[in-house]
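# Descriptive analysis of the structure
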Amino acid sequence: MRTQVGIVGAGPAGLLLSHLLHLSGIESVVIESRSRDYVEHRVRAGVLEQGAVDLLVQSGVGERLRREGLVHHGIELRFAGRGHRIDLTELTGGRAITVYGQQEVVKDLIRARRDAGGQVLFDAAAVSVHALESTRPRIRFRHDDGDVEMQCDVIAGCDGFHGICRPSVPVGVLSSFERSYPFAWLGILAEAAPSHEELIYAYHERGFALFSMRSPSITRLYLQVAPDEDIGQWSDDRIWQELHTRLETDDGWKLNEGRVLEKGVTGMRSYVTEPMQHGRLFLAGDSAHIVPPTGAKGMNLAVADVHVLSRALAAFFKSRREDLLAAYSQTCLKRVWRAEHFSWWMTSMLHRFPGDDVFGHRLQRSQLDYVVGSRAAATSLAENYVGLPLG
Ligand SMILES: Cc1cc2nc3c(=O)[nH]c(=O)nc-3n(C[C@H](O)[C@H](O)[C@H](O)COP(=O)(O)OP(=O)(O)OC[C@H]3O[C@@H](n4cnc5c(N)ncnc54)[C@H](O)[C@@H]3O)c2cc1C
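All of these numbers come straight from a predicted model, not from anything done at the bench. Along each chain, residues carry numbers from 1 onward, in the same order as the chain's sequence is written. With the structure being a predicted model, the display of local features is reserved for residues of pLDDT at least 70 and the display and counting of side-chain atom pairs for 80 or more, all residues being used for whole-chain, interface and lining totals. Processing note: side-chain calculations cover all non-hydrogen atoms of the structure and skip hydrogens and water entirely.

A word on the site of the ligand. Only heavy atoms are used to decide nearness, and a residue is near a molecule or strand if one of them lies within 4 Å of it. Around the ligand sit 32 residues in total, of which E32, R42, Q102, D286 and M299 are the nearest. Taking G298, its main chain carries an N or O atom lying 3.0 Å from an oxygen atom of the ligand. N300 is positioned with one of its side-chain polar atoms (N or O) 3.5 Å from an oxygen atom of the ligand. Accessible surface is estimated by sampling points in the Shrake-Rupley manner with a 1.4 Å probe; for residues, cover comes only from the protein chains shown. Considered on its own, the ligand offers 990 Å² of accessible surface; in the complex 88% of this is hidden by protein. Under the scheme used here, helices are H or I runs from DSSP no shorter than 4 residues and strands are E runs no shorter than 2 residues, and both carry numbers assigned from the N terminus. Elements supplying a minimum of two residues to the shell around the ligand: α1 (12–23) and α8 (298–319). The element contributing the most residues to the shell around the ligand is α8, with 4 residues. Three categories are distinguished: nonpolar for Ala, Val, Leu, Ile, Met, Phe, Trp, Tyr, Cys and Pro, charged for Asp, Glu, Lys and Arg, and polar for the others, with Gly belonging to the last. The residue inventory of the shell around the ligand, partitioned by class, reads 14 nonpolar, 11 polar and 7 charged. Contacts described as polar in this section are N or O atom pairs within 3.5 Å, which, within protein, must combine one atom able to donate a hydrogen with one able to accept it, while residues neighboring in sequence count only if both atoms come from side chains.

Here you go:
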């Protein structure tokens, strides 16, 4: 088998890259270890920055997103029994976020690739990458009971944090920078109409809580829990009770309950690898960096990376220009570190740190009071939350 760009991973990064390359007349094959059904139903992120929405719409995969996505013009910070709205649109000159499940983005992209005759190979096994320093890197895998070797000009490692691409780079080439947090998020998806139109980030003495939604009938909720939390200890009743305690306000705001459709515990970590390239292997999305979900940046960074990579690859294949590919890592890392800082900052402001004393809590309250009371501070949050322009 032979293709121009071999892409490992059919998450948002890999699929969008394949779609953007197709629009530039560049051939690619996506190799995914999971089934199509699995990736189309994996519930994860749900907040799209303005720039990500614009890119999806302009590239022709935003029709359902525009129809079904929920455009939000603000978020709420809630603490000491009161809510404080941050008007994202007013503070950023008209920008907004859109709530649209990551699995819906993935479904739209798979359909677009299939309709265009693109190749997305699901259920691939034993995927490995080779000859990365050469001009003919290769991907080997098992598919439909046969062993395949695919020759490429370039390989894109879009296989997430636990994929095989980053670990395939020789030891000593990449440097990693990491921060782990002493808590995790217990998330539920519930069949309940959202009891508020916008996302609510709640700082509470019992820990952080997040109220969000996926559609007019589905609510998505999170609770800060211990990093090694046993989900078996959390009955639906206990989860609802804790959510009521952390989210409800003095003025009588009530959370709607409903059937719990899904629940799970997600760890929190900040991680960046540098550079995001080795030879003809380019890392994009979670394979190169992850953020704690508090800033809603993970999927958006994946989109931003492949936007940069698709342009660099178009210049490479059309004009044999290598400068944009050479600058890929540096270009992406600027945005990555901004998002890393913002996600760390939101996380630090809103969570209870085990062992933290009253001094630490007073600092958090001071920061929250400042963000909701100062236009300059609120603007900084809003600008980062809706996302800097893709460029
Ligand atoms: C609970 C949760 C909530 C989140 N909330 C948000 C949010 O609100 N906003 C936000 O922006 N981000 C959020 N994120 C982060 C976001 O989901 C990720 O950043 C995003 O999925 C990154 O996309 P990706 O394509 O880089 O990686 P992934 O989505 O992880 O895709 C990688 C793909 O590679 C495949 N793969 C792995 N190994 C191999 C292999 N060896 N061979 C072939 N294929 C392989 C995987 O099956 C997967 O399909 C959240 C994440 C979680 C877990």
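Looking now at the packing of aromatic side chains. A pair of Phe, Tyr and Trp rings is counted when the ring centres sit within 6.5 Å of each other, with Trp represented by its six-membered ring. The angle between the planes then sorts it: under 30 degrees is stacked, over 60 is edge-to-face, the rest tilted. Applying the stated criterion across every chain, the model contains 13 aromatic pairs. A ring pair is formed by F183 and F353, whose centres lie 5.1 Å apart and whose planes are at 80°; its orientation type is edge-to-face. With F183 in strand β13 (residues 175–191) and F353 in the loop between α9 (323–350) and α10 (358–373), this pair connects stretches of sequence that are 170 residues apart. When accessible area is computed with a 1.4 Å probe and restricted to protein chains, residues below 20% of their type maximum are described as buried, those above 50% as exposed, and intermediate ones as partly exposed. Owing to a relative accessible area of 1%, F183 belongs among the buried residues under this scheme. Residue classification places F353 among the partly exposed residues on the basis of a relative accessible area of 22%. Taking the centre distance of 6.2 Å and the plane angle of 40° together, the rings of Y201 and F208 count as tilted. Every member of this aromatic cluster is reached through a ring pair, and the members are W185, Y201, F208, Y222, F342, W345 and Y385. Sitting over the face of the ring of Y385, K297 holds its NZ or CZ atom 5.7 Å from the ring centroid. Two limits define a charge over a ring: the Lys NZ or Arg CZ must be within 6 Å of the ring centre, and within 35 degrees of the ring normal.

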